[in-house]
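# Structural overview for review
Chain residues, written in single-letter form:
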Amino acid sequence: MATLHTKVGIIGAGPAGLLLSHLLHLEGIESIVIEVQTRQYVEERNRAGVLEQGTVDLLNASGVGERLRREGLIHHGIELRFNRQGHRIDMHELTGGRAITVYAQHEVVKDLVHARLRDGGQILFEASQVSIHDFEGDSPRIRFERHGEPSEVACDFIGGCDGFHGICRPSIPAGALRFYEKTYPFGWLGITAEAVPASHELIYSNHERGFALLSMRSPIITRAYLQCRPDEDLAAWPDERIWEELDRRFETCGGFRLNRGPVDQKGVTPMRSFVTEPMQYGRLFLAGDAAHIVPPTGAKGLNLAVADVRILARALSAWYGTGSEQLLKQYSDICLRRVWRAQHFSWWMTSMLHRFEGGDGFDHRRQLAELDQVTTLRAAAVTLAENYTGLPFDLPGETL
Ligand code: FAD
Ligand code: PHB
């Protein structure tokens, strides 16, 4: 069996794994990324679209923001729509100048893959039978097959960046971790369409028929989501039905309508909140969706993955630079503080905006009161804007 040697073995070439590898490279620390999918697959997988200010700042500062600066759409506000009226949350004004950038996750992935390969980094796509070993001790190993050949990576640390369905988290002995989970009785049906977005800013709409979100991928590509059943059958949703349902859920007294165009992609995503504690076992460090999932209503998943690996890269750099284990030991606690804040925000946005079945209408009335408060009481609007644009990387009380 061929054995490769590196300092950090990283499982998964999503945003977490690729950015970790890139940040380590900038610190002079070698890594190898192992990915089950093809390069084309990871570069085309359409998922998140909203980058927090701090995420954009980190991508820029680490030298992978050139296309992002050219093509990213900077948004200073979002709209909350309810009772058939729109209410703008001016995030820029409410936060003293912060903004979000709409730039697709797969574009971030493309930029990172390009940078890693340009800098001589190793990303082993199309690996199969990936397994991790000996991470309780000082010499972890990763085994996998590629093109039918068994291979092994010997390393000092493993970055478990293989998403929610990966193998890293389940490889940790039962009983060493605690899981917190909440599933929601709905999912999102998402489409990408060749149509000019009907609004310059994102619209989050609370409607009796269910939540809807209008987003975009570029000035000519619309991305939109409808609340649906978690197991919704896509076959029951021809394009015409999707557009009609979107128009109903975004309707205003002023006669708002979406621009329609050919639908390129359609998918259903179930919604869940999930946290693993701690995010470390021995020399295996979990990051991103491998450790936690948030419902997408707060647009936090990708941003949390970035925040995790920023801390992990710094902790590994301290270990290699000075031999200090302090930050590595604090990794899980530092990340989890931000993770739980994002969990709360994502749950709050989800519960304020979605339709919950049953009841006597009390919950809907309560939601409208909450939306009324968020759109009229400055303190409530500031809370939303601060969380949506992203908490500072270094939360108060941290010793970084
Ligand atoms: P992933 O992107 O899942 O990457 C994990 C990688 O590991 C994948 O490439 C996978 O193929 C690979 N892998 C899996 N198993 C193995 C294995 N055994 N061996 C090797 N490799 C493996 N977040 C936001 O911040 N803002 C948004 O607006 C937003 N919108 C979203 C909309 C939707 C519809 C969805 C589904 C998600 C959204 N998210 C959003 C969440 C965001 O997409 C995720 O949080 C993000 O992808 C996490 O990155 P990651 O690198 O941790 O995991
Ligand atoms: C997206 O554009 O895909 C998107 C935007 C905002 C969200 C979730 C997804 O809250």
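Structure's up top.
The model shown is predicted, which means the values in this text are computed figures rather than measured ones.

## Description of the site of ligand 1
- Surveying the vicinity of ligand 1 reveals 33 residues, the closest of which are Glu 35, Arg 45, Gln 105, Asp 289 and Leu 302.
- Interatomic distance of 3.1 Å between a backbone N/O atom of Gly 301 and an oxygen atom of ligand 1.
- The backbone of Leu 302 places a nitrogen or oxygen atom 2.8 Å from an oxygen atom of ligand 1.
- When the free accessible area of ligand 1 is taken as 1000 Å², the share hidden by the protein chains comes to 90%.
- Broken down by secondary-structure element, the contributors of at least two residues to the shell around ligand 1 are helix H1 (15-26) and helix H9 (301-322).
- If you tally residues by element for the shell around ligand 1, the top one is H9, at four residues.
- Considering only residue class, the shell around ligand 1 consists of 16 nonpolar, 11 polar and six charged.

## Points about the pattern of salt bridges
- Applying the stated criterion to the full structure yields 33 salt bridges.
- Asp 231 serves as the salt-bridge partner of Arg 229, at 3.6 Å between the closest nitrogen and oxygen.
- Exposure remark for Asp 231: the relative accessible area of 58% places this residue in the exposed category.
- Between Lys 266 and Asp 239 there is a salt bridge, and its shortest N-O distance comes to 2.9 Å. Of the two residues, Lys 266 sits in strand S18 (residues 263-277) while Asp 239 sits in helix H8 (residues 239-250), which places them 27 residues apart along the sequence.
- Since its relative accessible area comes to 34%, Lys 266 is described here as partly exposed.
- Asp 239 sits in the partly exposed class, given a relative accessible area of 30%.
- Through salt bridges with shared partners, a single ionic network connects Glu 66, Arg 67, Arg 70, Glu 71, Glu 107, Lys 110 and Asp 111.

## Details of helix H6 (residues 105-118)
- Its 14 residues give H6 an end-to-end C-alpha distance of 20 Å, which sits within 8% of 20 Å, the value for a rise of 1.5 Å per residue.
- Of all the 14 residues making up H6, 10 are buried; the element is thus mostly covered by neighbouring parts of the structure.
- Turning to H6, its buried residues are Gln 105, His 106, Glu 107, Val 108, Val 109, Asp 111, Leu 112, Val 113, Ala 115 and Arg 116.
- Directly after H6, the chain includes Gly 120, whose backbone phi takes a positive value near 80°.

## Thoughts on the packing of helix H10 (residues 326-353) against helix H12 (residues 378-389)
- Running from N to C, H10 and H12 point in directions that differ by 125°, and their axes come no closer than 11 Å. On the basis of their axis angle, the class for H10 and H12 is oblique. As H10 runs across H12, the sense of the crossing is left-handed. Two secondary-structure elements touch here, H10 through Phe 345, Trp 348, Met 349 and Met 352 and H12 through Leu 384, Asn 387 and Tyr 388.
- Of the residues assigned to the contact of H10 with H12, the class counts are six nonpolar, one polar and no charged.

## A word on the side chain of Asn 206
- If you trace the backbone, Asn 206 turns up in the loop between strand S15 (203-205) and strand S16 (212-218).
- Given the relative accessible area of 4%, Asn 206 is considered buried.
- Here the side chain of Asn 206 touches Met 352 through a polar contact of 3.1 Å, landing on its backbone oxygen.
- Each residue touching Asn 206, except ones within four places of it in the same chain, is listed here: Arg 81, Phe 82, Met 352, Leu 353, His 364, Gln 367, Leu 368 and Leu 371.

## With respect to the sheet that holds strand S4 (residues 50-51)
- Taken in spatial order, the three strands line up as S4-S8-S5 in an open sheet, and their pairing is antiparallel. A single partner strand is all that each edge strand has here, and the edge strands are S4 and strand S5 (73-75).
- Here S4 runs beside strand S8 (residues 100-102); their pairing, made up of two bridges, is antiparallel. What sits directly across from Val 50, in S8, is Val 102.

Thresholds applied
Residues numbered from 1 in each chain as written. Chains lettered and ligands numbered in written order. Predicted model: local features only at pLDDT ≥ 70, side-chain atom pairs only at ≥ 80, totals over all residues. Heavy atoms only, no water. Near = heavy atom within 4 Å. Polar contact = N/O pair within 3.5 Å; in protein donor to acceptor, adjacent residues only side chain to side chain. Areas by Shrake-Rupley, 256 points an atom, 1.4 Å probe, with all protein chains shown as cover. Helix = DSSP H or I, 4+ residues; strand = E, 2+ residues; numbered from the N terminus. Nonpolar A, V, L, I, M, F, W, Y, C, P; charged D, E, K, R; others polar. Salt bridge = Lys/Arg side-chain N within 4 Å of Asp/Glu carboxyl O. Buried < 20%, exposed > 50% of the residue type's maximum accessible area, 1.4 Å probe, protein only. Expected span 1.5 Å × (residues − 1). Axes fitted to C-alpha atoms, helices over the stretch in contact; angles between N-to-C directions. Parallel < 35°, antiparallel > 145°, perpendicular 65-115°, else oblique. Left-handed = near helix turned anticlockwise from the far one by under 90°. Contact = heavy atoms within 4.5 Å. Pairing = 2+ DSSP bridges.

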